[in-house]
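Each chain is listed here by its residues.
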Amino acid sequence: GEQVEQLPSILRVQEGSSASINCSYEDSASNYFPWYKQEPGENPKLIIDIRSNMERKQIQELIVLLDKKAKRFSLHITDTQPGDSAMYFCAASHQGGSAKLIFGEGTKLTVSS
Amino acid sequence: ETAVFQTPNYHVTQVGNEVSFNCKQTLGHDTMYWYKQDSKKLLKIMFSYNNKQLIVNETVPRRFSPQSSDKAHLNLRIKSVEPEDSAVYLCASSLQGPQNTLYFGAGTRLSVL
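Owing to the predicted nature of the structure, the values given are computational and were not obtained by experimental measurement.

Cut-offs applied
Residues numbered from 1 in each chain as written. Chains lettered and ligands numbered in written order. Predicted model: local features only at pLDDT ≥ 70, side-chain atom pairs only at ≥ 80, totals over all residues. Heavy atoms only, no water. Buried < 20%, exposed > 50% of the residue type's maximum accessible area, 1.4 Å probe, protein only. Helix = DSSP H or I, 4+ residues; strand = E, 2+ residues; numbered from the N terminus. Pairing = 2+ DSSP bridges. Salt bridge = Lys/Arg side-chain N within 4 Å of Asp/Glu carboxyl O. Contact = heavy atoms within 4.5 Å. Axes fitted to C-alpha atoms, helices over the stretch in contact; angles between N-to-C directions.

Caption draft 1: Fine view of the pairing of strand 3 (residues 19-25) of chain A. Residues and elements named next belong to chain A. Alternating positions in strand 3 separate cleanly, Ala19, Ile21, Cys23 and Tyr25 being buried on one face and Ser20, Asn22 and Ser24 remaining unburied on the opposite face. Two strands pair when backbone bridges link them, and strand 3 and strand 8 (residues 72-77) are joined in this way by six bridges, in the antiparallel orientation. In the strand pairing of strand 8, isoleucine 21 is matched with leucine 75.

Following this line, the structure appears as structure tokens:
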């Protein structure tokens, strides 16, 4: 299968706290896992990604973790700000000529001040 | 700065009509995509092209037909639209395949009355 499951679909946190989004994938050949952020009225934009040769990656307040054995990966936003409020999508793909990027169902994050 | 250009931004039409959407990227990328984003924000891959060649053709109704004149252009034609075609159609490009960052256009919002 190629499905990517993402939870939760809705996440509300207080400013300054952490937010975590979890994804799981079916295709064991998947080796690339990006995260996209889509603000209201805007198009999705890449914020961070991780490849299968890594277990953890951090860019400022964004941390991604990858557990290949469990076929799960997650995004953690530390010290959330109101500007982090948006839709977040995880995705997965594998190498190969017919590869495609499959997106999770999305998480609507709201950070309240 | 926008580098993936989509026209039109909006299109309202009636059931049974034909519509065409255009997409152009100025990033020099080899791969282009059409994604459909529905009212629940789900992002579904429809087609991908690599250097004018069709690579991915998901299970979409036959009334959808992509066209690529060169690697910088990817259009989408829908013959005889149906109400369930109402969505935002997002064009994207990447350097080479889905394991590189996808850059999305602003989208074309289609409303079928």
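Next comes the rest of the account.
Caption draft 2: Expanded view of the pattern of salt bridges. Within this structure, the stated rule accounts for seven salt bridges over all chains. Lys57(A) is paired through a salt bridge with Asp49(A); the nearest N and O atoms lie 3.0 Å apart. Through salt bridges with shared partners, a single network forms among Arg63(B), Glu84(B) and Asp85(B).

Caption draft 3: Layout of the environment of Thr26(B). Residues and elements named next belong to chain B. Considering the arrangement of structural elements, one finds threonine 26 in the loop between strand 3 (19-25) and strand 4 (31-37). Residues threonine 26 and histidine 73, spaced 47 residues apart in sequence, show a C-alpha to C-alpha distance of 9.3 Å. The contacts of threonine 26, once residues within four sequence positions are left out, are Ala3 and Phe5.

Caption draft 4: Representation of unusual backbone geometry in the model. The peptide bond linking Leu7(A) to Pro8(A) adopts the cis configuration, its omega dihedral lying at -5°. With respect to the secondary-structure elements, Pro8(A) resides in the loop between strand 1 (4-7) and strand 2 (10-14). The peptide bond linking Thr7(B) to Pro8(B) adopts the cis configuration, its omega dihedral lying at -10°. By secondary structure assignment, the location of Pro8(B) is in the loop between strand 1 (4-7) and strand 2 (10-13). In this structure, Gln60(A) takes a positive phi of about 55° despite not being glycine. Within the element layout of this structure, Gln60(A) appears in the loop between strand 6 (56-59) and strand 7 (62-67). With a phi angle near 75°, Lys41(B) is a residue other than glycine that sits in the positive phi range. Structurally, Lys41(B) is set in the loop between strand 4 and strand 5 (43-50).

Caption draft 5: Broad picture of the sheet that holds strand 1 of chain B. Residue and element names in this part refer to chain B. In space, the four strands of this open sheet follow the order 1-3-8-7, with antiparallel pairing throughout. Two strands lie at the open edges of the sheet, namely strand 1 and strand 7 (64-70), each paired on one side alone. For this sheet, the mean inter-axis angle between neighbouring strands, taken without regard to orientation, is 15°. For strand 1 and strand 3, the ladder comprises four bridges, and the chain directions are antiparallel. Following the sheet pairing, valine 4 is matched in strand 3 by glutamine 25.

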